[in-house]
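Chain residues, written in single-letter form:
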Amino acid sequence: DRSVSRGLGDVYKRQTFFWYNGAEYTLLENIMTIFEELKARGLIFQTTDEEALVKAFEEGPVSYYTGYDPTADSLHLGHLVAILTSRRLQLAGHKPYALVGGATGLIGDPSFKDAERSLQTKETVEGWVEKIQGQLSRFLDFENGDNKAVMVNNYDWFGSVSFIDFLRDVGKYFTVNYMMSKESVKKRIETGISYTEFAYQIMQGYDFYELNDKYGVTLQIGGSDQWGNMTAGTELLRRKADKSGHVITVPLITDSTGKKFGKSEGNAVWLDATKTTPYEMYQFWLNVMDDDAVRFLKIFTFLSLEEIEEIGKEFDQARHQRLAQKVLAREVVTLVHGKEAYEQAVHITEQLFAGNLKALSARDLKVALNGVPTYEISADENLNIVELLVNAKISPSKRQAREDVQNGAIYINGERVQDLDYTLSDADKIDNEITVIRRGKKKNFVLTY
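We now turn to the structure provided with this report. None of the values given here were measured: they were computed from a predicted structure.

All right, on to the environment of aspartate 421 then. With respect to the helices, strands and loops of the structure, aspartate 421 is situated in the loop between β12 (415-416) and β13 (434-439). Along the sequence, aspartate 421 and leucine 383 sit 38 residues apart, while their C-alpha atoms lie 9.1 Å from each other.

So, about the packing of aromatic side chains. Enumeration according to the criterion identifies 13 aromatic pairs in this entry. Measuring from ring centre to ring centre gives 5.7 Å for phenylalanine 166 and tyrosine 206, while their planes differ by 90°; the resulting arrangement is edge-to-face. Residue phenylalanine 166 is found in helix α6 (residues 163-169), and its partner tyrosine 206 is found in helix α10 (residues 200-215); the two are separated by 40 residues along the sequence. On the basis of relative accessibility, which here comes to 12%, the residue phenylalanine 166 falls in the buried class. Joined through ring pairs, the aromatic side chains of Phe158, Phe166, Tyr206 and Tyr209 make up one cluster. The side chain of arginine 88 reaches across the aromatic face of phenylalanine 302, ending 4.6 Å from its centre. For lysine 275, the ring lying beneath its charged end belongs to tryptophan 270, and the centroid distance is 4.6 Å.

With that settled, consider helix α16 (residues 339-354). An ideal rise of 1.5 Å per residue puts 22 Å on 16 residues; α16 measures up with 23 Å between its terminal C-alpha atoms. Inspection of α16 places Ala341, Tyr342, Ala345, Val346, Ile348, Thr349 and Gln351 among the buried residues, and these make up the whole buried set. As for α16, its buried residues are in contact with α12 (278-286), α15 (323-337) and α17 (362-368). Immediately beyond the C-terminal end of α16, within one or two residues, lies glycine 355, with a positive phi of roughly 75°.

All right, on to the pattern of salt bridges then. Any two side chains of opposite charge can pair if their charged atoms end up close together. For the structure on display, the rule yields 22 salt bridges. Linking glutamate 433 and lysine 366 is a salt bridge whose minimum nitrogen-to-oxygen distance equals 2.7 Å. Of this pair, glutamate 433 sits in the loop between β12 and β13 while lysine 366 sits in helix α17, and the two are 67 residues apart along the sequence. Among the ionic contacts, a cluster of salt bridges with common partners joins Asp73, Lys131 and Lys275.

This paragraph deals with the sheet that holds strand β11 (residues 410-412). Taken together, five strands build an open sheet; the order of strands is β10-β14-β13-β11-β12 and the sheet is mixed. Of all strands in the sheet, those bounded by a partner on one side alone are β10 (374-376) and β12. The sheet contact formed by β11 and β13 spans three bridges and is antiparallel. Each bridged residue has a counterpart across the sheet, and for isoleucine 410 the counterpart in β13 is arginine 439.

Rules of the game
Residues numbered from 1 in each chain as written. Predicted model: local features only at pLDDT ≥ 70, side-chain atom pairs only at ≥ 80, totals over all residues. Heavy atoms only, no water. Helix = DSSP H or I, 4+ residues; strand = E, 2+ residues; numbered from the N terminus. Phe/Tyr/Trp six-rings, centres within 6.5 Å; stacked < 30°, edge-to-face > 60°. Buried < 20%, exposed > 50% of the residue type's maximum accessible area, 1.4 Å probe, protein only. Lys NZ or Arg CZ within 6 Å of the ring centre and 35° of its normal. Expected span 1.5 Å × (residues − 1). Contact = heavy atoms within 4.5 Å. Salt bridge = Lys/Arg side-chain N within 4 Å of Asp/Glu carboxyl O. Pairing = 2+ DSSP bridges.

Geometric values such as these leave the question of function open.
Structure below.
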């Protein structure tokens with residue numbers, strides 16, 4: 001009885017030989033190909049030619065790319081879907097190219113936007129490119145193996161091409177009718193679209209052509225809203241080079257109410273810890289809806305499908321314990337920010353839940369209470385609790401402040417205060433920096449000194 005590995009694109013298939021009554025038999029056990037796993041995880045939304053793509057995976061390493069336009073100084077969870085899909089393919093032996101659009105970021109993608117993007121300066125975009133490249137380097141392996149990742153910037157080829165050359169060598173392969181047929185353009189025709197954004201799809205198409213020409217890239221991965229731009233690349237490859245290219249789109253992730261993760265939705269969870277702290281990211285995952293938790297485990301973690309299935313069974317038996325959310329929060333925060341940041345987020349959460357604020361440092365509390373109302377107490381202020389509540393706009397009036405104190409609705413650093421003459425002392429200053437006042441069950445306020 002012996003097992004052998006199959007080809008690179010078939011890393012999930014095992015072949016077992018065995019003898020029975022003097023004859024050799026072969027048993028093929030189809031565990032799962034990488035493409036099948038992506039499907040099982042809900043990561044395949046569209047493909048150009050699935051049969052041809054599956055064959056390409058089976059025949060050997062596929063060079064592929066995913067593009068990220070620097071429209072801000074950080075990527076967010078919406079981008080993480082494509083990033084982790086790229087990482088899964090790299091782990092299966094395929095070679096990733098991470099493209100940060102220093103050129104396309106100067107233009108702006110019109111896809112499914114209601115209005116023209118604000119153009120940024122070249123200096124701003126260059127700074128954003130550098131930050132995004134740093135973030136991508138945490139998720140893909142750029143150091144090891146024949147399939148180590150390669151970072152590219154499309155400004156490297158667009159920066160030197162002239163407008164006339166681009167129109168002659170690229171623009172002639174696209175008809176206006178073809179460009180206007182794209183859904184991303186159709187939606188903007190009525191409200192108006194500039195030539196700048198109208199031409200964006202040609203630029204993205206040319207990215208695919210350049211990467212194919214320079215590095216043999218034959219597959220592009222991106223969000224489902226990019227389908228029109230991505231197929232512009234396969235069209236250019238076909239017309240200009242008589243070659244075939246492949247496209248995989250991953251779904252735009254929404255919760256069970258239809259709300260999507262994305263900067264434009266105003267609810268972005270950023271990958272930059274200074275924009276969304278690890279604690280805030282931990283809380284985000286901890287509070288996802290029950291109906292989404294197991295699905296998100298498949299999309300955002302590297303736990304095996306078998307492990308996730310077991311977690312799902314245990315989760316369904318006692319959903320109030322939120323096992324799936326806790327595992328999701330652990331896996332994603334650790335993946336994005338590291339084990340230490342995850343452990344700090346858990347510590348803050350546990351102490352806040354217990355009301356044990358004095359067990360936390362001022363740094364921890366500032367992280368946990370980021371964005372809550374803040375009031376700076378001057379050195380000469382010596383107010384009793386009622387006056388303080390009014391000055392800090394915690395209670396709207398002295399009458400209400402007195403009622404809040406007497407009714408036990410006011411807590412200082414987690415401890416209830418019901419003395420109307422109570423005055424803050426040095427003992428109330430955590431690390432001599434802040435005091436936390438809570439009104440009721442959930443309304444927190446931070447006093448600084």
